[in-house]
Amino acid sequence: MLRVMNRLLHMVFVLWAVATIMFFMFRLMTGNPLAAYIDTNFTIEQQQALMAQFGLDKPLWKQYIIYMGNLLQGELGQSFFYRKPVGEVLMNAFPNTIVLTMGALVIAYLFGIPVGAYLAWKRGTWVEGVGIPTVLATRAAPEFWLGMILLAVFAFNLGWFPSGGANTAGAEFDSELARFLSLDFLWHLILPALSLSLYLQGLPLLLMRSNMLEVMQEEFVTMARMKGLSEWAIIMRHAARNALLPVVTTFALSIGLSVGGNVVVETVFSWPGLGRLLVGAVASSDFPLAQGAFLLITLVLVTMNFVADLLYHTLDPRVSHGSRN
Amino acid sequence: MIRRKILFTALSLGVSAFAVGALPLASPAMADVGEIRDLTLLARDQGANPQAFQAAQLIAQVWNQLGLKVTVRGMPRLQQSELVWYNRDKWDMTMWQMVGRPERSDPDELLFNLFHSSTTESGYNFIGYKSEEFDKLAEAQRVETDKDKRSDLIKQAQAVLARDQPNMFLVYPKRTFAFDNAIFADDSVVEQSGLGIKNIWSYLGAKPLGDQKDMILNSTDPLNAINPLYISGATDSWVTELIWDRLLRISPEGLAEPWAAESFEWLDQTTIDVVLREGMKWHDGMPVTVEDVVFSFEVPNVGDEVPMYKPFVKNIESIEIIDDRTVRFKLNNPSAAFLTSSLAKVNLVPKHIWQPVIDDLANRPENAESYQEDLPIGSGPFKFVRWKQQEEVVLARNPEHFSPPQIDRWIIRIVSNSEATISMLRSGEINFLADYNGDPEILKDVAAKDGDISIVSSTDIGFQYATVNQRRPPFDDVAMRRALSLAIDRDLMVEAAWNGSAEVANSPVSTALAFWRDDDALAISANLEEAKALLKDAGYRLIDGRLHYPEGVEETLVGP
Amino acid sequence: MAAATEDLALAPYIYRRKSVRKRVLSALHSLVAVPMRDPFALAGVAIYAVFVFVAIFANQIAPYDPLEILFADGKLAANIAPLTEPHILGTTNLGRDIFSQLVFGTRSALIIGLSAAFVVATLGTLVGLLAGYFGGWVDVVTMRVADIALGIPFLPFVIVLAAFLDPSVWNIVLAMAILLWPNTARVVRSQVLTVRERAFIDAARVTGSSTSRIIFQHVAPNILPLSFLYGSIAIGWAILTEASISFLGFGDSNSVSWGVMLQDAFLSQALSRGQYYWFLPPGFCIILVVVAGFFISRGYEEILFPKLRD
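None of these values were measured; they are calculated from a predicted model.

Draft legend 1. Fine view of the nonpolar core. Within the largest apolar cluster, 252 residues are counted, with the highest numbers of intra-cluster contacts made by Met212 of chain A, Leu247, Phe297, Phe329, Leu343 and Trp410 of chain B together with Met176 of chain C. Membership of the second largest hydrophobic core comes to 45 residues, among which are Ala56, Ile59, Leu484 and Ala502 of chain B.

In structure tokens:
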């Protein structure tokens, strides 16, 4: 319990630090952060009044305290471009990104874990000789390039899947949940999720493989062998189960990393997610929105690191022993 | 070959300089005395406007042949306008465009605003062009009500521009649009002169042939605002003109004709009576009244809450309610363009909604441009349904309107790249291609394969150009500007950058507005040798391939 | 895309059991021996050799200036099909020689990759060495800073940085320097902790060697292979990041890189035109270079953490 509290405090510390760094980056590097908001149609008095309203006439340390105070209340300011509260704009995009990420990860793990186990079993054969370089190549390929090719083949040429977006234009739903559960949404999700998972499957696959190799050296496997159990039974009943645990903990970690890494795939598939929002906000100098999107992505990353850490320690007793010593 | 060697050496030097961590984006320290500094040609990023980006590359290459050192830099729209529009003395050269809008069917708006010296400080004349001769002509045409005489003045003004070359006009692009003719009857889509088929008359007239009664259009850029008192992004104005009515509308032929006004009548050169149509209703059910009309035209002139519409109502001295359907506008000066640029421009807004908003804004630093209604209310032929920021805008048919559309819904999808856009047109994910800046040949191929896609291209009222900052040397020199313009091969631009889908430009008045221009006087053809000679005659010196100022001229820049 | 981040971020988990292993080969030996023993690593080295050769002799190999707009008979030489004399891979939509761009792209890929690797490995190793050797508050402070850096999402950070600074590949190197050193530093640190306790270090301490001498002459060589491993992972990642950033439009459009080529191809509708010779080769080049890096780093991994081999 003490450990959990400790890790939680640690997470809060990291969040605070990142928020602070962001504050100074946006204040010091942008010159006038209101530049995109104030146009020359505003009179000098209006401009000054606006500066005052955003607190930009105050000394930096005061601005910082205001900013932190607002953050604590979940107040992220007003988007310059959309003229709406940043929180509202973010919450329109966030579920799309989470669903895309989770969808892709589920595909990646469902594929990667068994194939990784299989490759471990086939070590030293030609299957491994072909399999490993192929897996590495999918991890080495730029995601947007894979996405472009998938899009060209399955949408542009074959017409099996839509060319972008998350829904058919004008589609009506009773609720957000109904939208996510609709066939229309699924149909739009497949290609982007697939291009992401093409890349994401490498990690669980390779991890599973190396863990399997390791577990198969251990005593209980040797024991099972001596008991005359079949190789398949050994793998399924003993090795795989033990090898699986560390792989599972990386799932949480991957969520955090992937939410920030989705940007390019979202762009290729015109996916209305957080990453595209960030890119758009940065391009249009919409600093409150860019800052908000960045902080939200950070929040997911840090939280998932925390979750992975907890899982890791809960699932693997050896580690907690180690830390107690 | 030698040139290539030099380039390579320069490149490898640059690369090795990078390698030691230096960032030589610009190295002004090295320039020797009298040498014209290294220049950056700003442009929209390639994704946003691939043709202009290509044109910029071609222009940079040919200007470098004159002895300048020009590099192209693409950037997002806001970043570019931040520099060009708001930091008027800090840039050297940029690509720019003016888009066609119905009210630009009258040449006044672009001709006057772009070049009149009164707009140099904060208006459209961001290049800092000043010419008394031009100012006089531009002012004279404004108050001239005889159409032929006015045309003469406008032609003379264009001749001054052709001589001074404040802008290097490149092309009037042919806007290419397409729609699915299996969904909408071919003859029900209307072409408007200078604008193409992407216009309100098409949206109103398009007749669905089958079950698909939604018109689904595409837009490359996301929308910025849906606000009747704010002229924001290009796509935004497609929406505002459907939700809000105007007293007059520009007809497919380009003339301002009664719309929400039943009729109008000039009493004398500065007085006009407008009669409002009977029985109009706002989307919330309230009646449209003459008070609303007065409010709509007065609000830009009260305080500073609606700055962008100010120029369009500035000439109005007073508005008077005559009876419950008639209002009388009195003008300060006679104005030939008043119908087009005021009565057909200003959106009619409901006073009961906007008066409280404006009152509230008066106590705050923001103006009406910062205000976004959750549910925009107008009186137009389409009602607002929803706006999902990165995805779509949905409008629905307003059956109570005096000119109701045939389609059920009008939907814009935000699709940021041309590849996906084309594919969506084929698959029916969109059925009206409203925003396409890709290669027209590809579109033609797709249409030929598909069989159900009609393509319509028409020359735009808008234009694409390169321009230089006349606040900074050497661009304050007419000879320099003429030489730069002469070096540009516009025919090549048409072919190489616009894939043949454009017309050569040398004036802010498009060939689509033939009545207002003298084609012969505006002819221009590239001549690199003559350009070089022009520079030489003006005293510029070519030393080691780099252009230097005339003897005794020193480079001094305003601003930091 | 985030290949390396994941690998790096996951390192403490993946290597948990191996990091305590006390087997550390001598730096020099492993650097040379690995490729000889491992066919994958050998293939990786061979691929690198080819790309390095191309990068060095780019001027001689490429027939054109990669940015020159070419004309033929007074007309723009645009969209020329591949294998048309003298354009091996044809030309772009704006009449630029694709093969020349590919060749010069090699150069920028290697420059970005190697400088990022160098920065990440050097910074990470230095911090790891100091934190591990001195322990105490040095250790606490550096490791807290490392935690913060690891809490910042990488690609979004590069995007924000690129928006504030002028477009340049050095943003990517800078971002990698700021965000990726902690992974190296953490592993190096734990390695140092084990090395520190060894007899020969004690011996050096007793004989009165200075601290810096102990760190750099006795401890550092033992962890060099580890820095090398992390550096080689960073190469691939830097190249992939550059490609992504260029694709998103935050790159320097006046530079020649595979990422910029892909962006150009996408925006010029190479897919619709069926110009596979334009958008496939840069992708394959990226895959080859990054995979070569993976192969080499796997080779080292297996030497450093030999249990994987069995």
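Draft legend 2. Representation of unusual backbone geometry in the model. The omega angle of the peptide bond from Pro473 of chain B to Pro474 of chain B is 0 degrees, so this bond is cis rather than trans. The backbone phi angle of Arg83 of chain A is positive, close to 55 degrees, even though this residue is not glycine. Mapped onto the secondary structure, Arg83 of chain A falls in the loop between α3 (60–72) and α4 (86–121). Backbone geometry places Asn499 of chain B, a non-glycine residue, at a positive phi of 50 degrees. Within the fold, Asn499 of chain B resides in the loop between α16 (490–497) and β18 (502–504). Taking the relative accessible area as the measure of exposure, Asn499 of chain B reaches 22% and is therefore partly exposed.

Draft legend 3. Just the interface of chain B and chain C, in detail. Contact residues are listed per partner, giving 32 residues for chain B and 33 residues for chain C. Roughly 2,900 Å² is buried in total at the junction of chain B and chain C, and carbon and sulfur atoms are behind 55% of that figure. Across the chain B-chain C interface, the total number found is one salt bridge. For the pair chain B and chain C, the number of links is nine residue pairs in polar contact (both at pLDDT 80 or more). Of all the elements in the fold, those that place two or more residues in the side of chain B that touches chain C are α1 (2–19), α2 (50–65), β2 (70–75), α13 (418–427) and α16 of chain B. Taken together, the residues that form the side of chain B that touches chain C break down as 16 nonpolar, 11 polar and five charged.

Draft legend 4. Layout of the environment of Thr271 of chain B. Residue and element names in this part refer to chain B. In this fold, Thr271 is placed in strand β9 (residues 271–276). On the basis of relative accessibility, which here comes to 3%, the residue Thr271 falls in the buried class. Between the C-alpha atoms of Thr271 and Phe402, which are 131 residues apart in sequence, the distance is 27 Å. Beyond its immediate stretch of four places on either side in the chain, Thr271 contacts Glu265, Trp266, Arg328, Phe329 and Lys330. Among the polar contacts made by the side chain of Thr271, one reaches the side chain of Lys330 at a distance of 3.2 Å.

Draft legend 5. Looking closely at the packing of helix α5 (residues 98–134) of chain C against helix α8 (residues 170–196) of chain C. Residue and element names in this part refer to chain C. Across the interface, α5 lies against α8 with an axial gap of 5 Å and an inter-helix angle of 35 degrees. Taken as a pair, α5 and α8 cross one another with a handedness that is right-handed. Along the lines of polarity and charge, the residues of the contact of α5 with α8 split into 22 nonpolar, six polar and two charged.

Draft legend 6. Layout of the packing of aromatic side chains. Enumeration over the complete set of coordinates arrives at 44 aromatic pairs over all chains. On the numbers, 6.3 Å between centres and 65 degrees between planes, the contact of Trp266 of chain B with Phe338 of chain B is edge-to-face. Placement of Trp266 of chain B in strand β8 (residues 261–268) and of Phe338 of chain B in helix α11 (residues 338–343) is noted, with a sequence separation of 72 residues between them. A relative accessible area of 1% places Phe338 of chain B in the buried class. Above the ring of Trp121 of chain A, the side-chain terminus of Lys122 of chain A is found at 5.5 Å from the ring centroid. Above the ring of Phe180 of chain A, the side-chain terminus of Arg179 of chain A is found at 4.8 Å from the ring centroid.

Draft legend 7. Molecular detail of the sheet that holds β8 of chain B. Residues and elements named next belong to chain B. Strand order in the open sheet made by the four strands is β8-β9-β11-β10, with antiparallel pairing throughout. Of all the strands in the sheet, just β8 and β10 (316–323) have a single pairing partner and so form its edges. Direction aside, neighbouring strands of the sheet carry axes that sit 20 degrees apart on average. Pairing geometry for β8 and β9, over six bridges, is antiparallel.

Draft legend 8. Main features of the confidence of the model for chain A. Residue and element names in this part refer to chain A. With 89% of its residues at a pLDDT of at least 70, chain A reaches an overall mean of 82. Here helix α15 (residues 317–324) stands out as the least confident element of chain A, with mean pLDDT 39; helix α8 (residues 183–200) is the most confident, with 92. Note that pLDDT drops below 50 for residues 318–325; the model gives that stretch six contacts with residues more than four away or on any other chain.

Draft legend 9. Quick look at the interface of chain C and chain A. Taken together, the contacts link 52 residues of chain C with 62 residues of chain A. A buried area of about 5,300 Å², summed over both sides, lies between chain C and chain A, and 76% of it is on carbon and sulfur atoms. At the junction of chain C with chain A, the criterion picks out zero salt bridges. If you look at where chain C meets chain A, you find two residue pairs in polar contact (both at pLDDT 80 or more). Those elements that place two or more of their residues in the side of chain C that touches chain A are α1 (3–14), α6 (136–150), α7 (154–164), α10 (211–247), α11 (258–267) and α13 (276–304) of chain C. Here the side of chain C that touches chain A gets 11 residues from one element, more than from any other, and that element is α13 of chain C. Residue composition of the side of chain C that touches chain A, by class: 39 nonpolar, three polar and 10 charged.

Draft legend 10. The arrangement of the pairing of β10 of chain B in detail. All names here are of chain B. Judged from the six bridges that link them, β10 and strand β11 (residues 326–331) form a sheet pairing that is antiparallel. Along β11, the bridge assignment pairs Ile319 with Phe329. Following β10, the chain reverses through two residues before pairing antiparallel with β11.

Draft legend 11. Quick look at the pattern of salt bridges. Inspection of every chain in the model, using the stated rule, returns 33 salt bridges over all chains. A salt bridge links Arg175 of chain B to Asp460 of chain B, with the nearest nitrogen and oxygen atoms 3.7 Å apart. One end of the pair, Arg175 of chain B, is in strand β4 (residues 167–180); the other, Asp460 of chain B, is in the loop between β16 (453–459) and β17 (463–468), with 285 residues separating them in the sequence. Since its relative accessible area comes to 26%, Arg175 of chain B is described here as partly exposed. One connected set of salt bridges, linked through shared partners, spans Glu172 of chain A together with Asp214, Arg386, Glu392 and Arg409 of chain B.

Draft legend 12. Region of the structure containing the side chain of Asp264 of chain C. Positionally, Asp264 of chain C belongs in helix α11. Although Asp264 of chain C lies buried, it forms no salt bridge, and the closest oppositely charged side chain, Arg96 of chain C, sits 5.4 Å away as judged by the N-O distance. If near-sequence neighbours (up to four positions away) are discounted, Asp264 of chain C is found in contact with Gln46 of chain B together with Trp278 of chain C.

Draft legend 13. Region of the structure containing α7 of chain C. Burial runs high along α7 of chain C: 10 of the 11 residues are buried. For α7 of chain C, the set of buried residues is Phe154, Leu155, Pro156, Phe157, Val158, Ile159, Val160, Leu161, Ala162 and Phe164 of chain C.

Rules and cut-offs
- Residues numbered from 1 in each chain as written.
- Chains lettered and ligands numbered in written order.
- Predicted model: local features only at pLDDT ≥ 70, side-chain atom pairs only at ≥ 80, totals over all residues.
- Heavy atoms only, no water.
- Core = buried A, V, L, I, M, F, W, Y, C linked by side-chain atoms within 4.5 Å.
- Buried < 20%, exposed > 50% of the residue type's maximum accessible area, 1.4 Å probe, protein only.
- Helix = DSSP H or I, 4+ residues; strand = E, 2+ residues; numbered from the N terminus.
- Contact = heavy atoms within 4.5 Å.
- Buried area = accessible area lost by both parts, 1.4 Å probe.
- Salt bridge = Lys/Arg side-chain N within 4 Å of Asp/Glu carboxyl O.
- Polar contact = N/O pair within 3.5 Å; in protein donor to acceptor, adjacent residues only side chain to side chain.
- Nonpolar A, V, L, I, M, F, W, Y, C, P; charged D, E, K, R; others polar.
- Axes fitted to C-alpha atoms, helices over the stretch in contact; angles between N-to-C directions.
- Left-handed = near helix turned anticlockwise from the far one by under 90°.
- Phe/Tyr/Trp six-rings, centres within 6.5 Å; stacked < 30°, edge-to-face > 60°.
- Lys NZ or Arg CZ within 6 Å of the ring centre and 35° of its normal.
- Pairing = 2+ DSSP bridges.
- pLDDT = per-residue confidence, 0-100.
- Lys, Arg positive; Asp, Glu negative; His and termini not counted.

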